[in-house]
Amino acid sequence: MKIGFVGTGTMGQPMLSNLLKKGHGVVAYDVVAAMLDGAVGRGASRAGSAAEAAKQSELVITMLPSSSHVETAYLGGGGILEGAPSGRLCIDMSTIDPGASRRVAEAAKKRGVRFVDAPVSGGVPRAEDGTLAIMVGGEARDVEEAKPVLACMGANIIHVGPVGSGEVAKICNNLIAGVAAVAVSEAFRIAEGFGVDAKVLTEVISKSSGNTWVMEHMHPVPGLVGKAPANRDYAPGFMTDLMAKDLGLAVSAARDLRVPVFVSPAAQQVLRLASSHGLGRKDFSVVYEFLRPSSRQAPV
Ligand code: NAD
């Protein structure tokens with residue numbers, strides 16, 4: 001199948017590589033020339049706009065940073081809905097506001113274009129291995145049609161419900177992961193203050209009730225977990241700014257639903273502050289670096 005791929009950044013590139021490996025053709029587009037060059041280097045052909053990528057392909061995938069980028073890529077001038085013929089299936093794999101997914105799906109439907117949301121979990125290593133977890137929102141027929149293509153990029157593909165539901169599952173998951181990242185960093189700073197060895201504490205927690213995926217895979221203390229971003233000066237991985245965005249999506253959904261939330265806004269603000277101090281494009285486990293003890297000196 002010839003697949004249009006719009007948004008060939010950190011995640012998009014390894015994902016489209018897996019489509020190519022499984023024998024699909026990919027026609028790629030990105031607004032940043034260097035990112036598009038990266039996709040072409042991996043074997044994709046080059047489109048001049050999102051509309052062109054949609055016109056030249058049989059199915060469209062988008063992997064973009066946030067809601068506004070997705071709305072621009074679909075609804076804007078030179079966007080996907082300009083190029084996609086009636087009946088075309090589009091799969092948005094970005095993490096965005098479920099409301100934005102529904103708005104784009106609605107606009108697509110008016111043109112006879114089908115839309116499913118299919119955000120992913122697992123980060124760059126699992127994007128490279130083709131073992132992402134993919135949570136899908138859309139009509140059953142569209143999801144069934146999307147599944148063989150999604151299976152080239154992911155190992156666990158779960159149909160959550162109607163359009164937007166994949167995004168709901170994703171922001172709920174990242175709420176937990178984002179809060180856990182801050183909690184793990186706080187815990188290891190306290191242990192450090194008492195002189196407790198981080199390796200021994202990791203062993204204890206991994207066998208206790210505080211164990212969490214974030215500690216197992218993205219341990220914030222360098223040198224303790226094989227592929228953790230901390231071992232590479234916190235090169236992402238998953239950027240602090242993207243995690244702050246995802247916690248923001250959870251917080252704003254909670255506000256709309258009038259659900260009280262306390263720990264997710266706190267974790268979001270810690271990540272935002274880390275970003276204000278220049279750590280926004282580092283992996284979110286860098287929050288450990290940011291949470292250093294304050295000075296012991298008395299105020300003067
Ligand atoms: P990224 O910023 O590296 O890549 C996004 C790409 O989209 C960029 O190359 C950008 O130039 C391009 N883009 C922006 N607007 C565009 C437009 N209108 N038309 C065409 N291209 C456009 O981001 P990423 O890390 O690849 O993440 C993409 C999405 O996946 C985000 O929603 C993120 O939250 C989610 N996600 C990321 C990870 C991760 O580990 N990086 C994991 C799970 C989910």
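Residue positions within a chain follow its written sequence, with the count starting from 1. The predicted origin of the model limits local features to residues at a pLDDT of at least 70 and limits the giving and counting of side-chain atom pairs to 80 or more, whereas totals for whole chains, interfaces and linings rest on all residues. Side-chain numbers here rest on the full set of heavy atoms in the structure, without hydrogens or water.

## Let's talk about the site of the ligand
For step 1, the next point in the chain: By convention in these notes, a residue is near a molecule or strand provided one of its non-hydrogen atoms lies within 4 Å of it. Taken together, the neighbourhood of the ligand is formed by 25 residues, with Thr10, Met11, Asp30, Pro65 and Lys245 sitting nearest.
For step 2, the next point in the chain: Contacts described as polar in this section are N or O atom pairs within 3.5 Å, which, within protein, must combine one atom able to donate a hydrogen with one able to accept it, while residues neighboring in sequence count only if both atoms come from side chains. The separation between an oxygen atom of the ligand and a polar main-chain atom of Pro65 is 2.8 Å.
For step 3, the next point in the chain: In this structure, an oxygen atom belonging to the ligand sits 3.3 Å away from a main-chain N or O atom of Gly237.
For step 4, the next point in the chain: Across the complex, the protein chains shield 91% of the 830 Å² of accessible surface that the ligand would expose by itself.
For step 5, the next point in the chain: Within the residue set of the shell around the ligand, elements represented by two or more residues are helix H4 (67-75), helix H7 (123-129) and helix H12 (240-257). The Shrake-Rupley method, run with a 1.4 Å probe sphere, supplies the accessible areas, and residue values consider only the shown protein chains as cover. Helix and strand definitions follow DSSP, with helices as H or I runs of at least four residues and strands as E runs of at least two, each counted in order from the N terminus.

## Some points on the environment of Ile205
For step 1, the next point in the chain: Within the secondary structure layout, Ile205 lies in helix H10 (residues 198-206).
For step 2, the next point in the chain: Partly exposed residues are those whose accessible area sits between 20% and 50% of the maximum for their type, while under 20% is buried and over 50% is exposed, using a 1.4 Å probe and protein chains only. Under the relative-accessibility criterion, Ile205 is labelled buried at 16%.

## Let's talk about helix H9 (residues 165-193)
For step 1, the next point in the chain: Multiply 1.5 Å by the residue count of a helix minus one, and that product is the helix's expected span. An ideal rise of 1.5 Å per residue puts 42 Å on 29 residues; H9 measures up with 43 Å between its terminal C-alpha atoms.
For step 2, the next point in the chain: At the exit of H9 stands Gly195, carrying a positive phi of roughly 75°.

## Observations regarding the nonpolar core
Side chains that are nonpolar tend, in soluble globular proteins, to be buried together.
For step 1, the next point in the chain: Counting 55 residues, the largest nonpolar core has Met15, Leu19, Ile61, Ile80, Ile91, Met93 and Leu150 as the members making the most contacts within it.
For step 2, the next point in the chain: In this description, contact between two residues means that some pair of their heavy atoms is separated by no more than 4.5 Å. In this view, Met15 contacts Phe5, Met63, Met93, Val120, Ala127, Leu132 and Met153; residues no more than four positions away in its chain are not counted.
For step 3, the next point in the chain: We define a nonpolar core as any set of buried Ala, Val, Leu, Ile, Met, Phe, Trp, Tyr and Cys residues linked to one another through side-chain atoms lying within 4.5 Å. Ranked by size, the runner-up nonpolar core spans 14 residues in total, among them Ala180, Val214, Val270 and Phe284.

## Points about a nonpolar patch on the surface
For step 1, the next point in the chain: Each patch is built from residues that are more than 30% exposed by relative accessible area and take part in no salt bridge. Like charges join if they lie within 9 Å; nonpolar side chains (Val, Leu, Ile, Met, Phe, Trp, Tyr) join within 5 Å. Basic side-chain nitrogens of Lys or Arg form a salt bridge, by our definition, when they fall within 4 Å of a carboxyl oxygen of Asp or Glu. On the surface, Val31, Val32 and Met35 cluster together to form a nonpolar patch covering roughly 270 Å² of accessible area.
For step 2, the next point in the chain: With respect to the helices, strands and loops of the structure, Met35 is situated in helix H2 (residues 33-41).

## Section: unusual backbone geometry
Note: most residues except glycine have negative phi, and most peptide bonds are trans.
For step 1, the next point in the chain: A cis amide bond, omega 10°, links Pro236 with the succeeding residue Gly237.
For step 2, the next point in the chain: Mapped onto the elements of the fold, Gly237 is located in the loop between helix H11 (213-217) and H12.
For step 3, the next point in the chain: Of note, the phi angle at Asp233 is positive, near 55°, even though the residue is not glycine.
For step 4, the next point in the chain: Take Asp233: it is sitting in the loop between H11 and H12.
For step 5, the next point in the chain: Of note in the backbone geometry, Tyr234 takes a positive phi value of approximately 60° without being a glycine.
For step 6, the next point in the chain: Inspection of the secondary structure assignment puts Tyr234 in the loop between H11 and H12.
For step 7, the next point in the chain: Classification of Tyr234 as buried rests on a relative accessible area of 3%.

## Describing the pattern of salt bridges
For step 1, the next point in the chain: Counted according to the given criterion, the structure contains 11 salt bridges.
For step 2, the next point in the chain: Residue Arg46 pairs with Asp37 through a salt bridge whose shortest N-O separation is 3.0 Å.
For step 3, the next point in the chain: On the basis of relative accessibility, which here comes to 46%, the residue Arg46 falls in the partly exposed class.
For step 4, the next point in the chain: A salt bridge links Asp142 to Arg141; its shortest N-O distance comes to 3.9 Å.
For step 5, the next point in the chain: Classification of Asp142 by relative accessible area gives buried; the value is 5%.
For step 6, the next point in the chain: Taking relative accessible area as the criterion, Arg141 reaches 55% and is therefore assigned exposed.
For step 7, the next point in the chain: In the salt-bridge network here, residues are joined through shared partners; they are Arg114, Arg141, Asp142 and Glu145.

## A short note on the packing of aromatic side chains
For step 1, the next point in the chain: Geometry of aromatic contacts follows a simple scheme: Phe, Tyr and Trp rings, the Trp one being its six-membered ring, pair when their centres are within 6.5 Å, and the pair is stacked under 30 degrees between planes, edge-to-face over 60, tilted otherwise. Enumeration over the complete set of coordinates arrives at 2 aromatic pairs.
For step 2, the next point in the chain: Judged by centre distance (5.4 Å) and plane angle (75°), the ring pair of Tyr74 and Phe115 falls under edge-to-face. You can see Tyr74 sitting in helix H4 and its partner Phe115 sitting in strand S6 (residues 114-117), a full 41 residues away along the chain. As far as burial versus exposure is concerned, Tyr74 and Phe115 are alike and both buried.
For step 3, the next point in the chain: Ring centres of Phe238 and Phe284 lie 5.8 Å apart, and the angle between their planes is 85°; on these two criteria the pair is classed as edge-to-face.

## Points about the domain arrangement of the chain
For step 1, the next point in the chain: What the domain assignment lists for the chain is domain 1 (2-162) and domain 2 (168-290).
For step 2, the next point in the chain: When each unit is reduced to the centre of its C-alpha atoms, the spacing between domain 1 and domain 2 is 27 Å.
For step 3, the next point in the chain: Contacts between the two partners involve 15 residues from domain 1, matched on the other side by 12 residues from domain 2.
For step 4, the next point in the chain: Each partner contributes to the roughly 1000 Å² buried at the junction of domain 1 and domain 2, and carbon and sulfur atoms together form 68% of this total.
For step 5, the next point in the chain: Our enumeration of links across domain 1 and domain 2 arrives at 0 salt bridges.
For step 6, the next point in the chain: At the boundary of domain 1 and domain 2, one finds 3 residue pairs in polar contact (both at pLDDT 80 or more).
For step 7, the next point in the chain: Only strand S7 (120-121) and H7 provide two or more residues apiece to the side of domain 1 that touches domain 2.
For step 8, the next point in the chain: Residue polarity follows a fixed list, in which Ala, Val, Leu, Ile, Met, Phe, Trp, Tyr, Cys and Pro are nonpolar, Asp, Glu, Lys and Arg are charged, and the others, Gly among them, are polar. Here the side of domain 1 that touches domain 2 is composed, by residue class, of 8 nonpolar, 5 polar and 2 charged. The source of the domain bounds is an automatic or database domain assignment. A simple way to read buried area is as the amount of 1.4 Å-probe accessible surface that goes missing from two parts once joined, with both sides added.

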